[in-house]
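# What the coordinates show
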Amino acid sequence: MPAADNGTTFRVLDSAPRTAAEHMALDKVIIEAHSRGLIPNTLRFLQFKPCALVGLHQNTFLEVNVPYCRENGIDINRRITGGGSLYWGRLELGWELYAGKNTPGIPRQVEGMYRLLCEAMAAGLRTMGLEAAYRPVNDIEIRGRKIAGTGGTELAGSFVFQCSLLVDFDIDEMLRVLRFPLEKLSDKAVTSMRERVTSLTGQLGYVPPDTVIKQAVLTGLRQTLAYEFVPGKLTARETALLAAYLPQFESPEWIYGQAGAVLNTVDCTASYKAPGGLIRVQMRLDEGARVIKYLFISGDFFAYPARVINDLETALKNTPADSRRIAGIIREFFRSHQAEIPGVGPEHFIEAVLLAVEQAKATQPVQQSPPGEVCCEAGR
């Protein structure tokens, strides 16, 4: 069925573990073929050989511990989509949905589409006995801990929605592979980060078979979307395109980026003493300190419920580094969430975050290194 039919029958591709370059090239192949009406709507499962992936506009040397990856045979590559850096272990599972923007049942508006497809993933995990739920804007969680993240892009009349599911995630290896401000800080901060994520193995007590996980994904999609999913294979045209595009995705120019095509980042840490305890903010901003890429909030205060801090971090992610905007988001967050933090109020968090922003603005971003050199200061 050609993509132009905009039908609700999806071809299912089950890709064996491939290199990062092969998977990234296939992403381009499938979205391009779909946008040209050469293939039907498609669901693709994918597994990687261990690798680090950076977003389309990220500086590889700031996001990834390149020497460690080289020494340990860990692939590095760049996605065709935006977003942050990721570590993929050999058991993690991804799935991608390629479809026309006017496919019945899928909202045209991006936020609505993400909500629907994240809820489909959560529904699938619930068939495995897990208390999964959608967490805005684009995550799936279990009792406040992230178990899957999503992203995507579009081309002409087509879009791809991507989901990465943590199966048997090795967070210590992730901390070695990716560059975080946390590397330079306390064990308490790293422990706080570990408490933010979970995996299927951590929840179930064993590594579930791939077939069980994939069936859960399909079940969640069928229940939520009422689509039909039929096993399929790459077409001859897709196979030819893969061979043509693969050299680009294996090239240093693609993996490490070219000057002017990637954004440098700045890492900063700020501590603010509130009456109820110390607030520590660890933050990454993009070049010129224009946008908060992500931040971690920790300290010796007590928050009830504990997940409210994770939710505040999510609310501030990708926020322009503008004092009025930040203050407004934090005040609105505390107005709309029932949080109890003795001795610490929204104004204290505003002061702590703005202090980190000011420190970042006073710091020169680390410039991109060419492929043969190693960058010393970095973060995720």
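Residues numbered from 1 in each chain as written. Predicted model: local features only at pLDDT ≥ 70, side-chain atom pairs only at ≥ 80, totals over all residues. Heavy atoms only, no water.

In terms of helices and strands, the protein carries 13 helices and 15 strands. Radius of gyration (C-alpha) of the protein: 21 Å, near the 21 Å computed for a compact globule of 380 residues. Over its C-alpha atoms, taken along the principal directions, the protein stretches across nearly 65 × 45 × 40 Å. Residues classed as buried in the protein amount to 53% of the 380 residues present. (Helix = DSSP H or I, 4+ residues; strand = E, 2+ residues; numbered from the N terminus. Rg over C-alpha atoms; globule rule 2.2 N^0.38 Å. Buried < 20%, exposed > 50% of the residue type's maximum accessible area, 1.4 Å probe, protein only.)

The subject of this paragraph is the packing of aromatic side chains. Enumeration according to the criterion identifies 12 aromatic pairs in this entry. Ring plane angle 25° and centroid distance 5.2 Å describe the contact between Phe61 and Tyr256, whose orientation is recorded as stacked. With Phe61 in helix H2 (residues 60-63) and Tyr256 in helix H10 (residues 252-256), the pair connects residues that are 195 residues apart, well separated along the chain. The burial state of Phe61 is the same as that of Tyr256; both residues are buried. Between Phe333 and Phe334, the aromatic rings sit 5.6 Å apart at their centres with planes inclined by 80°, giving edge-to-face as the arrangement. The class for Phe333 is buried, based on a relative accessible area of 5%. Members of the aromatic cluster, connected to one another through ring pairs, are Phe301, Phe333, Phe334 and Phe349. (Phe/Tyr/Trp six-rings, centres within 6.5 Å; stacked < 30°, edge-to-face > 60°.)

Glancing now at the environment of Glu287. You can see Glu287 is positioned in the loop between strand E13 (277-286) and strand E14 (291-299). Overall, Glu287 belongs to the partly exposed group, its relative accessible area being 26%. As for Glu287 and Ala360, which are separated by 73 residues in sequence, their C-alpha atoms are 9.8 Å apart.

One open sheet holds the three strands; their spatial order is E4-E3-E5, and the pairing between them is mixed. The open sheet has two edge strands with one neighbour each: strand E4 (75-78) and strand E5 (86-88). Neighbouring strand axes in the sheet, compared pairwise and without regard to direction, differ in orientation by 20° on average. Sheet contacts for helix H1 (residues 20-35): strand E3 (51-54) and E4; angle to E4, the most-contacted strand, approximately 20°. (Pairing = 2+ DSSP bridges. Axes fitted to C-alpha atoms, helices over the stretch in contact; angles between N-to-C directions. Contact = heavy atoms within 4.5 Å.)

Enumeration according to the criterion identifies zero disulfides in this entry. Cys163 carries a free sulfur, and the closest cysteine sulfur to it, the one in Cys118, is 6.7 Å from it. (Disulfide = S-S within 2.5 Å.)

Read across the open sheet, the eight strands follow the order E7-E8-E9-E10-E6-E2-E1-E11; overall the sheet is mixed. Looking at which strands have only one partner, the edges of the open sheet turn out to be strand E7 (132-135) and strand E11 (228-231). Averaged over neighbouring strand pairs, the angle between their axes works out to 25° when direction is ignored. Judged from the four bridges that link them, E7 and strand E8 (residues 139-142) form a sheet pairing that is antiparallel. Bridge pairing in E8 links Ala132 to Ile142. Against the sheet, helix H4 (residues 110-126) contacts strand E6 (93-100), E7, E8, strand E9 (145-155) and strand E10 (158-165), and its axis sits at roughly 165° relative to E7.

Let's shift gears to the confidence of the model for the protein. Mean pLDDT over the protein works out to 88, with 90% of the residues at or above the 70 mark. The low-confidence segment residues 1-6, where pLDDT is below 50, has 16 contacts with residues more than four positions distant or belonging to other chains. Note that pLDDT drops below 50 for residues 367-380; the model gives that stretch 53 contacts with residues more than four away or on any other chain. (pLDDT = per-residue confidence, 0-100.)

This part covers the nonpolar core. The biggest cluster of nonpolar side chains holds 49 residues, and the ones touching the most others in it are Phe48, Val64, Met174, Val177, Leu178, Phe180 and Phe249. The greatest single-element share of this core, amounting to nine residues, is contributed by H1. Ignoring sequence-local partners within four residues, the contact set of Val177 consists of Ala52, Val64, Asn65, Tyr68, Cys69, Ile74 and Tyr87. If you look at the next biggest cluster of nonpolar residues, it comprises 40 residues, including Ala122, Met128, Ile140 and Tyr227. (Core = buried A, V, L, I, M, F, W, Y, C linked by side-chain atoms within 4.5 Å.)

Bringing the pattern of salt bridges into the picture now. Scanning all chains against the criterion turns up 20 salt bridges. Across the pair Asp139 and Lys146 runs a salt bridge whose closest N-O atoms are separated by 3.5 Å. On the accessibility criterion, Asp139 (8% relative accessible area) is buried. Residue Lys146 is classed as partly exposed on the basis of its relative accessible area of 27%. A single salt-bridge network, built from bridges that share partners, covers Arg135, Asp139, Glu141, Lys146, Arg307 and Asp311. (Salt bridge = Lys/Arg side-chain N within 4 Å of Asp/Glu carboxyl O.)

By secondary structure assignment, the location of Pro67 is in helix H3 (residues 66-71). Between the C-alpha atoms of Pro67 and Leu241, which are 174 residues apart in sequence, the distance is 32 Å.

On to the pairing of strand E12 (residues 265-274). Bridge analysis of E12 against E13 gives 10 bridges, and the strand direction is antiparallel. The residue bridging Lys273 from the neighbouring strand is Leu278, located in E13. Between E12 and E13, which pair antiparallel in sequence order, lie two residues.

Within the secondary structure, Glu92 sits in the loop between E5 and E6. In this structure Glu92 is buried but unpaired, with Arg90 as the nearest side chain of opposite charge at 8.6 Å. In this structure the side chain of Glu92 is engaged in a polar contact, spanning 3.0 Å, whose partner is the backbone nitrogen of Asp168. There is a polar contact of 3.5 Å between the side chain of Glu92 and the backbone nitrogen of Phe169. Those residues in contact with Glu92, other than ones at most four positions away along the chain, are Leu46, Gln47, Leu165, Leu166, Val167, Asp168 and Phe169. (Lys, Arg positive; Asp, Glu negative; His and termini not counted. Polar contact = N/O pair within 3.5 Å; in protein donor to acceptor, adjacent residues only side chain to side chain.)

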